[in-house]
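Descriptive analysis of the structure
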Amino acid sequence: LAPGPGPAAAQEPRPRWEAGGVGLAVSQQAYPGSDQRVQRGIALPYVIYRGRYLRAGSEGVGVRPIRRPAYEVDVSAAAAFGSRARDDPARRGMPDLGTLVEFGPRVKLNLGGSPESGRWRLDLPLRGVFDLDDGLAYRGAVFQPGLYWLSRSGSWTWKLGGSVLIADERLARTFYEVAPGQATPARPAYDASAGLLATRLSASVARELTPDWTLFGFGR
């Protein structure tokens, strides 16, 4: 549950500050393409701030220096949990994968529509990837173009989207490179190259319960 505007205030400017809490149960691949899973459970407070340039909310923390009716330019962020090599038979004897954080510029193109019937948006983020467990060591870069549909009707808000995650050679080597000294009969040496890491589908829904409370959920 998180504070938010109620149905009667749907057409009024949203508050600059909101605060609340979120519980997450995360089951993710140890790395893109892995058949091993990493499970985490987290309960966190969160804050939404709707400033003119600085934004913090459901799409991360970022700076939005440019906003026009047809497009926006901001700075976005993302993150993924790491995994220990000894817990993954495919990577046993190789380096652990640290918790990775990403940030970089994003262009958002508004493709038309209305809040009631749904608006289409194309996102074009380019982010650097850094290892939080290794002093923010640089691990490469990702490009994640995505198409999203957003709709708002009364007290309900929906968002659906799909994207592809493309890695440069340095990030691909972080996940998939097998040096000759790490090769085994079941794991030959491998020279990784840039390419497609993953395809992603996401959905979220929110319901404004009162002028001060919003219930929301999401999945990816």
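Above this text sits the structure in question.
From a predicted model like this one, the values you see are computed outputs, not experimental measurements.

1. With respect to the overall build of the protein
Assigned secondary structure in the protein consists of one helix and 13 strands. What you see in the protein, going N to C, is helices and strands ordered as β-β-β-β-β-β-β-β-β-β-β-α-β-β. When the 220 residues of the protein are sorted by exposure, 34% land in the buried category. Of the contacts formed within the protein by residues at least 6 apart in sequence, a portion of 53% connects residues at least 24 apart.

2. Quick look at the pattern of salt bridges
Going through the model one piece at a time under the given rule, you end up with eleven salt bridges. A salt bridge links Asp74 to Arg106; its shortest N-O distance comes to 2.8 Å. On the criterion of sequence distance, the pair formed by Asp74 in strand 6 (residues 71-80) and Arg106 in strand 7 (residues 100-114) is long-range, its members being 32 residues apart. Exposure class is identical for Asp74 and Arg106. Each is buried. With a shortest N-O distance of 2.9 Å, Asp134 and Arg139 are connected by a salt bridge. Overall, the relative accessible area of 43% leaves Asp134 in the partly exposed class. In this structure, a network of salt bridges that share partners links the residues Glu72, Asp74, Arg106, Lys108, Arg121 and Asp123.

3. A look at the layout of surface pockets
The computed volume of the second largest pocket comes to approximately 250 Å³. Lining the second largest pocket are 15 residues, with Arg91, Pro95, Leu97, Arg173 and Thr174 sitting closest to its centre.

4. What to know about the nonpolar core
Tyr31, Val129, Val142, Leu165, Leu171, Phe175 and Leu197 are the most contacted members of the largest nonpolar core, which totals 13 residues. Those elements giving two or more residues to this core turn out to be strand 11 (156-167), helix 1 (169-176) and strand 12 (195-210). Beyond its immediate stretch of four places on either side in the chain, Val129 contacts Leu100, Val101, Glu102, Ala137, Tyr138, Arg139, Gly140, Ala141, Val142 and Leu171.

5. Considerations on helix 1
By the burial criterion, the buried members of helix 1 are Leu171, Ala172 and Phe175. Around the axis of helix 1, the buried residues are gathered within 100° of arc, so they sit on the same side. Against the buried residues of helix 1 lie strand 7, strand 8 (118-131), strand 9 (137-143), strand 11 and strand 12.

6. Quick notes on the packing of aromatic side chains
Counted under the stated rule, the structure contains five aromatic pairs. Plain terms: the ring middles of Phe103 and Phe130 are 5.0 Å apart, the flat faces sit at 15° to each other, and that makes the pair stacked. Of this pair, Phe103 sits in strand 7 while Phe130 is found in strand 8, placing the two residues 27 residues apart along the sequence. You can call Phe103 partly exposed: its relative accessible area is 45%. Ring centres of Trp156 and Trp158 lie 6.1 Å apart, and the angle between their planes is 10°; on these two criteria the pair is classed as stacked. Residue Trp158 is classed as partly exposed on the basis of its relative accessible area of 32%. Joined through ring pairs, the aromatic side chains of Tyr31, Phe175 and Tyr176 make up one cluster. Directly above the aromatic system of Tyr148 lies the positively charged group of Lys159, at a separation of 5.0 Å from the ring centroid.

7. Considering the side chain of Ser34
With respect to the helices, strands and loops of the structure, Ser34 is situated in the loop between strand 1 (17-29) and strand 2 (37-50). Of the residues examined, Ser34 reaches a relative accessible area of 6% and is grouped as buried. A distance of 2.9 Å separates the side chain of Ser34 from the backbone nitrogen of Gln36, its partner in a polar contact. Those residues within four positions of Ser34 in sequence are excluded, and the remaining contacts are Gln29 and Asp88.

8. Considerations on unusual backbone geometry
Unusually for a residue other than glycine, Leu136 sits at a positive phi of about 60°. Tracing the backbone shows Leu136 in the loop between strand 8 and strand 9.

Rules and cut-offs
- Residues numbered from 1 in each chain as written.
- Predicted model: local features only at pLDDT ≥ 70, side-chain atom pairs only at ≥ 80, totals over all residues.
- Heavy atoms only, no water.
- Helix = DSSP H or I, 4+ residues; strand = E, 2+ residues; numbered from the N terminus.
- Buried < 20%, exposed > 50% of the residue type's maximum accessible area, 1.4 Å probe, protein only.
- Contact = heavy atoms within 4.5 Å.
- Salt bridge = Lys/Arg side-chain N within 4 Å of Asp/Glu carboxyl O.
- 1 Å grid on protein atoms, 1.4 Å probe; cavity = no way out; pocket = protein on both sides within 12 Å on 5 of 7 lines; lining within 4 Å.
- Points joined across faces, edges and corners; volume = space filled by probe spheres on them.
- Core = buried A, V, L, I, M, F, W, Y, C linked by side-chain atoms within 4.5 Å.
- Arc of directions from axis to C-beta.
- Phe/Tyr/Trp six-rings, centres within 6.5 Å; stacked < 30°, edge-to-face > 60°.
- Lys NZ or Arg CZ within 6 Å of the ring centre and 35° of its normal.
- Polar contact = N/O pair within 3.5 Å; in protein donor to acceptor, adjacent residues only side chain to side chain.

Don't take any of this as a statement about function, it's just geometry.
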